[in-house]
Amino acid sequence: MINFIFYENPEVAMVCLPPGAPALYSLEAAADLTGVHPGMLLHYCQLGLLSVERPRPGEEPVLDDHALSEVRRIEYYRRGDGLNLQALPLICKLWREIDQL
């Protein structure tokens, strides 16, 4: 079980995570960190482009640091090289196979 320690300040709220605990982000927080609209992140999750756990119906997905790096990689190729949404699933599958090797 992970024990969280909360520090509150009127201007800042901090949470200290135990070492090794993964950082998790909501769609809104991930959108702020990556510069990608939350709706597009949700669409990426629905297409299976991001390695996130499947949320229960009615719940939004939660992204970790690895998923954020995948978003940045997808956006680099989508915006920079003009890959469309039909090519991205194939490219993401190949990236995962290469990473496993």
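Residues numbered from 1 in each chain as written. Predicted model: local features only at pLDDT ≥ 70, side-chain atom pairs only at ≥ 80, totals over all residues. Heavy atoms only, no water.

Engineer: Would you mind going over the overall build of the protein with me for this structure?
Structural biologist: Across its full length, the protein carries four helices and four strands. Listed N to C, the secondary structure of the protein is β-β-β-α-α-β-α-α in terms of helices and strands. Within the protein, the fraction of its 101 residues that count as buried is 23%. Counting only contacts in the protein whose residues sit at least 6 apart along the sequence, the fraction spanning at least 24 positions is 46%. Of the roughly 7,400 Å² of accessible surface on the protein, 57% is carried by carbon and sulfur atoms. (Helix = DSSP H or I, 4+ residues; strand = E, 2+ residues; numbered from the N terminus. Buried < 20%, exposed > 50% of the residue type's maximum accessible area, 1.4 Å probe, protein only. Contact = heavy atoms within 4.5 Å. Areas by Shrake-Rupley, 256 points an atom, 1.4 Å probe, with all protein chains shown as cover.)

Engineer: Help me understand the packing of aromatic side chains, please; the structure alone is not making it clear to me.
Structural biologist: The description of two aromatic rings rests on the distance between their centres and on the angle between their planes. A full pass over the atoms with the stated rule returns two aromatic pairs. Taken together, a centroid distance of 5.4 Å and an interplanar angle of 40° make the contact between Tyr77 and Trp95 tilted. With Tyr77 in helix H3 (residues 65-80) and Trp95 in helix H4 (residues 88-100), this pair connects stretches of sequence that are 18 residues apart. The exposure class assigned to Trp95 is buried, which follows from its relative accessible area of 15%. Feature note: the residues Tyr76, Tyr77 and Trp95 constitute an aromatic cluster, connected by ring pairs. Positioned above the aromatic ring of Trp95 is the side chain of Arg73, whose terminal nitrogen or guanidinium carbon lies 4.8 Å from the ring centre. (Phe/Tyr/Trp six-rings, centres within 6.5 Å; stacked < 30°, edge-to-face > 60°. Lys NZ or Arg CZ within 6 Å of the ring centre and 35° of its normal.)

Engineer: Can you help me understand the nonpolar core in this one?
Structural biologist: Here is a general trend for soluble globular proteins: nonpolar side chains tend to be buried in one another's company. Counting residues in hydrophobic clusters, the biggest one holds 19 residues, and the most contacted among them are Leu41, Leu50, Leu63 and Ile74. Secondary-structure elements contributing two or more residues to this core are helix H1 (27-34), helix H2 (38-47), H3 and H4. Sort the elements by how many residues they give to this core and H3 lands first, with four residues. Residues contacting Leu63, with those up to four places away along its chain left out, are Ala23, Leu24, Tyr25, Leu27, Ala30, Leu50, Val52, Leu68 and Val71. (Core = buried A, V, L, I, M, F, W, Y, C linked by side-chain atoms within 4.5 Å.)

Engineer: What is the right way to look at H4 in this model?
Structural biologist: Working note: α-helix, 3.6 residues per turn, so residues spaced by three or four point in the same direction. An ideal rise of 1.5 Å per residue puts 18 Å on 13 residues; H4 measures up with 18 Å between its terminal C-alpha atoms. Each element contacted by the buried residues of H4 is listed here: H3. (Expected span 1.5 Å × (residues − 1).)

Engineer: How do you make sense of the packing of H3 against H4 when you look at a structure like this?
Structural biologist: To characterise two packed helices, one gives the angle between the axes of the helices and the distance between these axes. Put simply, H3 and H4 touch, their axes get as near as 11 Å, and they point 130° apart. Compared by their axis directions, H3 and H4 come out oblique. Crossing geometry of H3 relative to H4 is assigned as right-handed. Where H3 abuts H4, its residues Glu70, Arg73, Ile74, Tyr77 and Arg78 lie against Leu88, Cys92, Trp95, Arg96 and Asp99. (Axes fitted to C-alpha atoms, helices over the stretch in contact; angles between N-to-C directions. Parallel < 35°, antiparallel > 145°, perpendicular 65-115°, else oblique. Left-handed = near helix turned anticlockwise from the far one by under 90°.)

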